[in-house]
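Report on the structure
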Amino acid sequence: MNKLMLCCAFILAAVSASAQLNIVPLPKHITENGTSFTIVKDTKIYYEQGLKAQAELLNAALSPATGFDFEMIQSKQGMQNGIILKFDKSSAANKEGYRLTVKNNAVVLSGGTAAGVFYGTQTLLQMLPAAIHDQTRQKGVTWKIRGADIEDAPLWGWRGMMLDVSRYFFSKDYVLKFIDMMSMYKMNVLHLHLVDDAGWRLEIKKYPKLTSVGAWRGDGAERTGGYYTQEDIKEMVAYASLRNVDIIPEIEIPAHTLSSIAAYPFLSCTGEQYVVQTQHSISKEILCVGKESTFDFMADVFKETFALFPSKYIHIGGDEANYDRWKACPHCQKRKADLGLKTEKELQVYFNQRVQKMVSKYSKTIVGWNEIIEDGLTDKAVGMIWNDQQKAFKAVEDGHYTVMTLTEYSYFDFPESKIPGEVKAAGWRSPISLEKVYQLNPMLKGMDEKYRPQILGASAALWSDQFIHGTLLQEIPLLNENRSEKYFDYLSFPRMAAMAEVCWTPVARQGWTDFEQRMRSQYKRYDHAGYGYRVPQPKLISNEKAADGYLLKLENIVDGAEIRYSTDGTRASAYSAVYTQPIKIKQLADFSAITVVNRNVYSLPFYFPEKYEQFKNYGELVGEWKPSKVKGKEFGLFEMNASGKINGNGNYQLAFWYTDGDSRLEIKSVEVYKNGVKVTEDVHDGFTGGSQQNNLYKFSIKEYETGAEFTIKALVRGDISNDSNGAVFIKKL
Ligand code: ACM
Ligand code: ZN
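The following paragraphs examine the structure supplied in this document. All values derive from a computational prediction rather than experimental measurement. (Residues numbered from 1 in each chain as written. Chains lettered and ligands numbered in written order. Predicted model: local features only at pLDDT ≥ 70, side-chain atom pairs only at ≥ 80, totals over all residues. Heavy atoms only, no water.)

Some thoughts on the sheet that holds strand β16 (residues 365-369)
Picture the strands of a sheet paired through backbone hydrogen bonds; they go either parallel or antiparallel. Rules: Pairing between strands is defined by DSSP: at least two bridges between the two strands are required. To qualify as a helix, a DSSP run of H or I must reach at least 4 residues; to qualify as a strand, a run of E must reach at least 2; elements of each kind are numbered from the N terminus. Every axis corresponds to a line fitted to the C-alpha atoms, with the helix fit spanning only the stretch in contact, and the corresponding angles, defined between N-to-C directions, vary from 0 to 180 degrees. For this analysis, residues touch if any pair of their heavy atoms sits within 4.5 Å.
Overall, parallel pairing links the eight strands, which are arranged β8-β9-β14-β15-β16-β17-β18-β19 in a closed barrel. The mean angle between the axes of side-by-side strands here comes to 30 degrees, regardless of whether they run parallel or antiparallel. With respect to the sheet, helix α4 (residues 172-184) is in contact with β8 (158-163), β9 (189-193), β14 (246-253) and β19 (455-462), its orientation differing from that of β9 by roughly 150 degrees. Helix α8 (residues 292-308) rests against β14 and β15 (313-317) of the sheet, and its axis sits at about 170 degrees to β14.

Some details on the sheet that holds strand β21 (residues 549-555)
Taken together, the three strands give an open sheet; going across it, the order is β20-β21-β24, and neighbouring strands pair in antiparallel fashion. Edge positions in the sheet fall to β20 (539-546) and β24 (583-585), since each of these pairs with one other strand and no more. Neighbour-to-neighbour, the strand axes of the sheet open up by a mean angle of 30 degrees, direction not taken into account. Sheet topology note: the β20/β21 ladder contains seven bridges and is antiparallel. Each residue of the ladder has a partner; that of Ala546, found in β21, is Gly549.

Remarks on the coordination of the zinc ion (ligand 2)
Going by this rule: A donor here means any N, O or S atom no more than 2.8 Å from the metal (3.2 Å for Na, K and Ca); water is not included, so a site may seem to lack partners. In these descriptions, tetrahedral denotes four donors with every angle between 85 and 135 degrees, square planar four donors and octahedral six donors with opposite donors over 155 degrees apart and the rest between 65 and 115, and irregular any other case. Between buried and exposed lies partly exposed: a residue is buried under 20% and exposed over 50% of the maximum accessible area for its type, with that area taken using a 1.4 Å probe on protein chains only.
Looking at the zinc ion (ligand 2), one finds its protein donor set to be Cys269 (SG), Cys288 (SG), Cys329 (SG) and Cys332 (SG), positioned 2.2 to 2.4 Å from the metal centre. Of note is the zinc ion (ligand 2), whose four donor atoms meet at the metal with angles of 105 to 116 degrees in an arrangement that counts as tetrahedral. Looking at Cys288, the relative accessible area reads 0%, which means it is buried. A relative accessible area of 2% places Cys329 in the buried class.

Concerning the environment of Leu604
Mapped onto the fold, Leu604 is located in the loop between β26 (601-602) and β27 (606-607). In the structure, Leu604 is positioned 357 residues away from Ile247 in sequence and 34 Å away in space, judged by C-alpha atoms.

Focus: helix α2 (residues 52-66)
For the record, the criterion: In this scheme, a helix's expected span is set at 1.5 Å multiplied by one less than its residue total.
If you check α2, its first and last C-alpha atoms are 21 Å apart, about what 15 residues at 1.5 Å a residue would give, namely 21 Å. Of the residues trailing α2, Gly67 is marked for its positive phi of about 80 degrees.

Observations concerning the nonpolar core
Rule in force here: What makes a nonpolar core is a set of buried Ala, Val, Leu, Ile, Met, Phe, Trp, Tyr and Cys residues whose side-chain atoms join them at distances within 4.5 Å.
Ranked by size, the top nonpolar core spans 140 residues in total, and within it Trp158, Phe178, Tyr185, Leu190, Phe302, Met496 and Tyr526 carry the most contacts. Take this core: its biggest share by element is eight residues, from α4. If sequence neighbours within four positions are ignored, Tyr185 has contacts with Val24, Pro25, Gln126, Phe493, Met496, Ala497, Ala500, Met519, Gln522 and Tyr526. Grouped together as the second largest cluster of nonpolar side chains are 35 residues, Ile23, Tyr98, Val102 and Ala131 included.

A look at the packing of α8 against helix α11 (residues 344-360)
The test is simple: Any angle that is under 35 degrees is reported as roughly parallel, and any over 145 degrees as roughly antiparallel; angles of 65 to 115 degrees are reported as roughly perpendicular and all others as oblique. It is the rotation of the near helix from the far one that decides the hand of a crossing: anticlockwise by less than a right angle makes it left-handed, clockwise makes it right-handed. Charged means Asp, Glu, Lys or Arg here, nonpolar means Ala, Val, Leu, Ile, Met, Phe, Trp, Tyr, Cys or Pro, and polar covers whatever is left, Gly included.
Between α8 and α11, whose axes approach to 11 Å, the crossing angle comes to 40 degrees. When the axis of α8 is compared with that of α11, the two are oblique. Every pair of crossing elements has a handedness; the one defined by α8 and α11 is right-handed. The residues of α11 that touch α8, namely those facing Glu292, Thr294, Phe295, Met298, Ala299, Phe302 and Phe306, are Tyr350, Phe351, Arg354, Val355, Met358 and Val359. Of the residues assigned to the contact of α8 with α11, the class counts are ten nonpolar, one polar and two charged.

Description of the pairing of β19
By the criterion of burial, β19 is predominantly enclosed, with eight of the eight residues buried. Judged from the six bridges that link them, β8 and β19 form a sheet pairing that is parallel. Within the sheet, the bridge partner assigned to Trp158 lies in β19 and is Gly457. In terms of strand pairing, strand β18 (residues 401-404) meets β19 through three bridges, oriented parallel. Along β19, the bridge assignment pairs Val403 with Gly457.

Here we look at the packing of aromatic side chains
Our working rule: Here is the rule: rings of Phe, Tyr and Trp (six-membered ring for Trp) pair when centre to centre is within 6.5 Å. Planes less than 30 degrees apart are stacked, more than 60 are edge-to-face, and the remainder are tilted. Over a ring means this: the NZ of a Lys or the CZ of an Arg is within 6 Å of the ring centre and within 35 degrees of the ring normal.
Going through the model one piece at a time under the given rule, you end up with 46 aromatic pairs. Seen from their ring centres, Tyr523 and Tyr533 are 5.5 Å apart, and the 40 degrees between their planes marks the pair as tilted. Here Tyr533 lies in the loop between α18 (522-529) and β20 and Tyr523 lies in helix α18, a separation of ten residues in the sequence. The pair Tyr523 / Tyr533 is uniform in exposure class, with both members buried. With centroids separated by 5.4 Å and ring planes inclined at 55 degrees, the aromatic side chains of Tyr526 and Tyr533 adopt a geometry described as tilted. Accessibility assignment for this pair places Tyr526 and Tyr533 in one class, buried. Through a chain of ring-to-ring contacts, the aromatic side chains of Tyr185, Phe493, Tyr523, Tyr526, Tyr531 and Tyr533 assemble into a single cluster. Directly above the ring of Tyr409 sits Lys436, whose terminal nitrogen or CZ lies 4.7 Å from the centroid. Against the face of Tyr550 rests Lys545, its NZ or CZ located 4.7 Å from the ring centre.

A word on the pattern of salt bridges
Short version of the rule: Note on definitions: salt bridges are taken to be side-chain nitrogens of Lys or Arg within 4 Å of carboxyl oxygens of Asp or Glu.
Counted by the stated rule, this structure contains 45 salt bridges. Close ionic contact of Glu555 with Arg520 constitutes a salt bridge, the shortest N to O distance being 2.8 Å. Remark: Arg520 occurs in the loop between α17 (512-519) and α18 and Glu555 occurs in strand β21; sequence separation between them is 35 residues. Residue classification places Glu555 among the buried residues on the basis of a relative accessible area of 10%. A single salt-bridge network, built from bridges that share partners, covers Asp164, Arg167, Asp196 and Asp465.

Section: the pairing of β18
Walk down a regular strand and you will see the side chains alternate between the two sheet faces. Basically, it comes down to this: Every crossover in which the path from the first strand over the helix to the second runs clockwise, viewed with the strands pointing away from the viewer, is termed right-handed.
Summarising the sheet, strand β17 (residues 382-385) and β18 pair through four bridges and their orientation is parallel. Across the sheet, the residue bridging to Gly383 is Thr402, located in β18. Between β17 and its parallel partner β18, the chain crosses via helix α12 (residues 390-397), and the hand of that crossover is right-handed.

Right, here's the structure in full:
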């Protein structure tokens, strides 16, 4: 392709992007019909009996920005010249489906159920100018909607988000706002992680200390926490229910519940008094499965929980139980012996089974992390697959249901990138970019089609253990200089949009390039709605090698924003030159560019990173490990040539840094050889990736000889598999 053609292709792409309706998630069928409908102050909202709430929600969504006070008319006949909400039982095949026709004199929206109609209204909002999301009157906007016939229904029935309200107490108001954010993208399950070591968040009247003690951590000025009263929960549930969001409470057992043990020490094996955790780790104190009082407590807690949450599901956690206490507990060991069980794992299965029986009286289905559906549960449960996709295959064979909450696609506590200046967030795996989220398919590769009915959908998880400290949601620090959106908005948007589309849109209609184009107009909607978000960097289209450098072509992927760039090795700022056409640069390393929404809101830089620049304080690269150099779960030798890098007598430091892969690297020892003879070593356990520990090795060289060959041999393994990548750096101290 010559340059002229490239240029034309680029313009065509831009035109077609602006000429389509940019709805996210993409509906099943859209046909534009060439007409249009304009909302004016006399526009009426008609609704059939049973759809009053949806009509009121629509009115409330349209009124602030338009400034119009719409007349609302309940009617069965004569609905015309307005926005018409009605039932259409013929389209009730999928209870969340709807049909939407926008034509010259009417917007006709019909759904099999109120939920379908609600989703139709969300689509309608996305067909209006972005200013519709504003809470203040927008002057001079024509509220025109392009004519179209839309038929839509979701691919998956479980389109979830999890909020970890335990490690960070999200206020009721934030939760309500979060439900609005979910609604915009037709997400329908809000999983509240109400219980963990760092806080119990649900008022239980029979056990007041769960909240008077368990909801608070730290002392004095450091004291922080909070909880939802039963009235708060009722308000949240009602708010969610109107928006077709099912709130699923998670009451964790048997681990991750030090907050309840701190409140009621009889719940643990030792009965000792503990305090609610103030630093993130997984407590070894877990509920005692030997004492009947634990089950009485659970029954009481469930009774009050179920009176508040109408969901048919109860999430019981079940992950990461450390069995040390059960192994040492006479009650637990007696239980194990009485039941003839061989392992503590079987005791956990017993616990799950009893709880399952307990909640089945309320017709509730248990949901848990993938640990609960591994073995032994004969009654059907829902496994949230997080750290091991293989568990999904066994679960469905065993008759269980699954929801994909996969760490590598949908843990939104991970940042989107490693770019310097990215928010401080979880670091035990690789970042999760918007594009990575978009690659999720809940129908896992290799899953037999016959199991489709047992795959319920997917959920993203906003863990907050990175934010355990402090009383306020952390503001994005000054690096993003001046952006003060709240952390969790930033972690959620725009990734929730990708999550929504892979859960809603038929796979055949999904496509990253098209999604990226449709996303261009979403950011303005966030601006108007007051939602924080991560601004994407400019997109690199090409960097052709030219005679004395490179020709760089970038694309701005945020409508209304501009690209600003710098070519002198400094980082681009909101005051740098505006990019208008491809530019020539001498050195890639001197270039950077940002997306500028306004002087206060802009992206992290796009630039050409030097490999390993984030480790530059650790000296010179001496070796890289990749899966082929790691044996796997057994220790094996990983050799590095350090000749020239060990270059005199003195003290040296060797630093191991994980960069990618499923496994962190475990290091047992480091030995240094001079001309094939061992001269020194540092033997200690170290880890890199995940919870980084003792990953620095030190040794001294006392009898350096010019010209000697130095080799370093490290004994390493991957802690899950050999899928680990990283680099080792050497530095003379
Ligand atoms: C989990 O992340 N422990 C479910
Ligand atoms: Zn016990």
